[in-house]
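Survey of secondary and tertiary structure
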Amino acid sequence: MKENKLRNKEIDEFFEAVLMLEDIEQCYDFFTDICTAREIQSIAQRLHVAKLLKIRKTYSVIEEETGASTATISRVNRSLNYGSNGYDIVLERLIEKNLKEEKSKE
C-alpha cells in the first residue's frame, strides 16, 4: 500500500463509501448530499482539464473551453506530471469505456 499524507480512518471510510456506489444516479445522490454544487463542479472541471492536458491542448484553449484559471490548469498539470497517477488511471478507464461504447454502437 502506497503511503499517502492524507490517509486516515475517516478518509478511508469516505473512499469505501464512494466505491459502494453502483451507478451515476447513486453518485449524484451521494455527492449532492455530501458536497456543494460548486465543489462537484470544481472536481469535474479538474478532470476535464486533465483530459485536455493529456491530449496536449494549450493552457489558453483549456482556459477558454473549461473556464478554469491558469492556476487550476497548472495545479492539474503538476498532478499529471508528479502526482500519484490517479488522473492517468481514471482517464485510461474512461477512454476504454468510451471505446467499448463506440464499438457496441457499430
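Keep in mind that this is a model prediction, so the values were computed, not measured. (Residues numbered from 1 in each chain as written. Predicted model: local features only at pLDDT ≥ 70, side-chain atom pairs only at ≥ 80, totals over all residues. Heavy atoms only, no water.)

1. With respect to the packing of aromatic side chains
Inspection of the entire model under this criterion finds three aromatic pairs. Taken together, a centroid distance of 6.2 Å and an interplanar angle of 25 degrees make the contact between F14 and F30 stacked. Pair noted here: F14 is in helix α1 (residues 9-19) and F30 is in helix α2 (residues 24-34), with a separation of 16 residues, a long-range link. Residue classification places F30 among the partly exposed positions, given a relative accessible area of 22%. Seen in terms of ring centroids, F30 and F31 are 5.3 Å apart; in terms of plane orientation they differ by 80 degrees. Their pairing is edge-to-face. By way of ring pairs, the aromatic residues F14, F15, F30 and F31 are connected into one cluster. (Phe/Tyr/Trp six-rings, centres within 6.5 Å; stacked < 30°, edge-to-face > 60°. Helix = DSSP H or I, 4+ residues; strand = E, 2+ residues; numbered from the N terminus. Buried < 20%, exposed > 50% of the residue type's maximum accessible area, 1.4 Å probe, protein only.)

2. Topic: the domain arrangement of the chain
Interfaces are frequently sized by the accessible area removed from exposure as the parts join. For the chain, the domain assignment lists domain 1 (1-34) and domain 2 (39-104). Placing a centre on the C-alpha atoms of domain 1 and another on those of domain 2 gives a separation of 20 Å. (Domains from an automatic or database assignment.)

3. Structural notes on the pattern of salt bridges
Per the counting criterion, the structure on display carries three salt bridges. E101 is paired through a salt bridge with K97; the nearest N and O atoms lie 2.6 Å apart. A residue pair is termed a helical-turn pair when its members lie 3 or 4 positions apart in one helix, as E101 and K97 do in helix α6 (residues 86-105) at four residues. (Salt bridge = Lys/Arg side-chain N within 4 Å of Asp/Glu carboxyl O.)

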